[in-house]
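One letter stands for each residue in the lines below.
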Amino acid sequence: MHDIAQGLARFRREVFPAKAELFAGLAAAHRPATAFIGCSDARVVPELITQSEPGDLFVIRTAGNLVPAHAPGSDAVAAAVEYAVAVLGVSDLVVCGHSDCGAMTALAEQRDLSGAPLVADWLRHADASRARTAAAGAPAGSVDALVRQNVLAQLTNLTTHPSVARALAAGSLTLHGWVFDIASGTVEALDAAGRPTAFAARAA
């Protein structure tokens, strides 16, 4: 906590004054254009990766960047997705996986999660990701392949959410799948088959 306290003091002393005008505007307005669903992993920082300013991203973080398919009742992930799309009206929604993902590694290597039953239950939301990876012919235990197929599976899950389905039908929302490589700092956009593809500029 000492390092965090020092960081807070440095923020107040050095960072906030330089961005005081920005924060003054943000105090009365919240209009992010992009929602970013990423992993809870501390090494994956959406604002740092995208070099975004405060207010630019609506960030949702879950273990394994998992997004459960829509189901009756409420949950935190579904509520956050609905708020971003239906209330804030974001135009882009990114699902970003990453290298060396602990959640995907546990699944790919079939690690014993009996000591973490809640984690094991949560990771069942990646069952489709595992099935897609196997169907794609990836070698058993391939974490990289599972990471990519998991991003695509979560994009599919997002389309089951009514707010997302409505926005997609209206043409007001675009979904994106990314994979961040921690060691190289690179970000790959994925095509529908999970292969890296070039980033495409959004049409005006």
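Everything discussed here concerns the structure shown above.
A brief look at the structure comes next.

1. Quick look at the packing of helix α7 (residues 127–135) against helix α8 (residues 143–158)
At a minimum axis separation of 8 Å, α7 and α8 run at an interaxial angle of 125°. Looking at the two axes, α7 sits oblique to α8. Helix-helix and strand crossings are classified by hand; for α7 and α8 the assignment is right-handed. Between α7 and α8, the residues in contact are Ser-129, Arg-130, Arg-132 and Thr-133 and Ala-145, Leu-146, Gln-149, Asn-150, Leu-152, Ala-153, Gln-154 and Thr-156, respectively. For the contact of α7 with α8, the class distribution of residues is four nonpolar, six polar and two charged.

2. Overview of the nonpolar core
If you look at the biggest cluster of nonpolar residues, it comprises 35 residues, and the most contacted ones within it are Ile-37, Val-81, Val-85, Leu-93, Met-104 and Leu-158. Tallying contributions element by element places α8 first for this core, with seven residues. If near-sequence neighbours (up to four positions away) are discounted, Leu-93 is found in contact with Ala-35, Ile-37, Val-85, Leu-158, Leu-173, Thr-174, Leu-175 and His-176. Of all hydrophobic cores here, the second largest spans seven residues; its members include Phe-36, Val-44, Cys-96 and Trp-178.

3. As for the environment of Val-59
One can find Val-59 in strand β2 (residues 57–62). The partly exposed category is assigned to Val-59, whose relative accessible area is 29%. A C-alpha to C-alpha distance of 7.6 Å links Val-59 and Pro-46, two positions 13 residues apart in sequence. Dropping the residues within four chain positions of it, Val-59 is found in contact with Phe-36, Pro-46 and Glu-47.

4. A word on a nonpolar patch on the surface
Judged by side-chain polarity, Met-1, Ile-4 and Leu-8 come together as a nonpolar surface patch covering roughly 380 Å² of accessible area. Inspection of the secondary structure puts Met-1 in the segment before α1 (2–18).

5. A word on α8
In this model, α8 (16 residues) spans 22 Å end to end at C-alpha, consistent with the 22 Å of a helix rising 1.5 Å per residue. Extensive coverage of α8 is indicated by the burial of 14 of its 16 residues. The backbone nitrogen of Ala-145 lies 3.2 Å from a side-chain oxygen of the residue at the head of α8, namely Ser-142.

6. Side note on unusual backbone geometry
Located in the positive-phi region is Asn-65, a residue other than glycine, with phi close to 45°. Structurally, Asn-65 is set in the loop between β2 and α4 (76–87). Overall, the relative accessible area of 2% leaves Asn-65 in the buried class. Located in the positive-phi region is Gln-110, a residue other than glycine, with phi close to 50°.

7. As for the environment of Leu-146
By the secondary structure assignment, Leu-146 is in helix α8. A residue is classified by how much of its surface remains accessible, and Leu-146, at 3% relative accessible area, is buried. Non-local contacts of Leu-146, meaning those with residues more than four positions away in its chain, are made with Met-104, Leu-107, Ala-108, Ser-129, Arg-130 and Thr-133.

8. Remarks on the packing of aromatic side chains
Taken as a whole, this structure holds five aromatic pairs when the rule is applied. Geometrically, the ring pair formed by Phe-11 and Phe-16 is edge-to-face, given 6.0 Å between the ring centres and 65° between the ring planes. Under the relative-accessibility criterion, Phe-11 is labelled partly exposed at 30%. Assessed through its relative accessible area of 25%, Phe-16 is described here as partly exposed. Each ring, one from Phe-58 and one from Tyr-83, has its centre 5.9 Å from the other, and the planes form 40°; the classification is tilted. One end of the pair, Phe-58, is in strand β2; the other, Tyr-83, is in helix α4, and 25 residues separate them in sequence. Across the ring face of Phe-16, the terminal group of Arg-12 is positioned such that the distance to the ring centre comes to 5.0 Å.

What counts and how
Once a new chain begins, its residue numbering starts again from 1 and follows that chain's sequence as written. Two thresholds apply to this predicted model, a pLDDT of at least 70 for residue-level local features and 80 or more for giving and counting side-chain atom pairs, whereas whole-chain, interface and lining totals are computed over all residues. Excluded from the side-chain calculations are hydrogens and water; all other atoms, namely the structure's heavy atoms, are used. The angle between two axes is taken between their N-to-C directions and runs from 0 to 180 degrees, where each axis is a line fitted to C-alpha atoms and a helix contributes only its stretch in contact. A run of H or I in DSSP becomes a helix once it reaches four residues, and a run of E becomes a strand once it reaches two; helices and strands are each numbered from the N terminus. Roughly parallel here means an angle under 35 degrees, roughly antiparallel means over 145, roughly perpendicular means 65 to 115, and every remaining angle is called oblique. Handedness of each helix crossing follows the sense of rotation of the near helix against the far helix: counterclockwise by less than a right angle gives left-handed, clockwise gives right-handed. We call two residues contacting when some pair of their heavy atoms lies within 4.5 Å. Note on residue classes: Ala, Val, Leu, Ile, Met, Phe, Trp, Tyr, Cys and Pro are nonpolar, Asp, Glu, Lys and Arg are charged, and everything else, Gly too, is polar. Among buried residues, the Ala, Val, Leu, Ile, Met, Phe, Trp, Tyr and Cys ones that are joined through side-chain atoms within 4.5 Å form a nonpolar core. We call a residue buried when its accessible area falls under 20% of the maximum for its residue type, exposed when it is over 50%, and partly exposed in between, using a 1.4 Å probe and counting protein chains only. Patch criteria: residues need more than 30% relative accessible area and no salt bridge. Like-charged residues are merged within 9 Å; nonpolar side chains of Val, Leu, Ile, Met, Phe, Trp and Tyr are merged within 5 Å. In this description, accessible areas are obtained by the Shrake-Rupley approach with a 1.4 Å probe, and a residue is regarded as covered only by the protein chains that are shown. Only one rule defines a salt bridge in this text: a Lys or Arg side-chain nitrogen within 4 Å of an Asp or Glu carboxyl oxygen. To estimate how far a helix should extend, the number of its residues minus one is multiplied by 1.5 Å. Think of a polar contact as two N or O atoms within 3.5 Å of one another; within protein, one of them needs to be a possible hydrogen donor and the other a possible acceptor, and neighboring residues in sequence only count if both atoms come from side chains. A pair of aromatic rings is counted whenever rings of Phe, Tyr or Trp (Trp by its six-membered ring) have centres within 6.5 Å, and the orientation is called stacked for planes under 30 degrees apart, edge-to-face for over 60 and tilted otherwise. Look at NZ for Lys and CZ for Arg. If either is within 6 Å of the ring centre and within 35 degrees of the ring normal, a charge sits over the ring.

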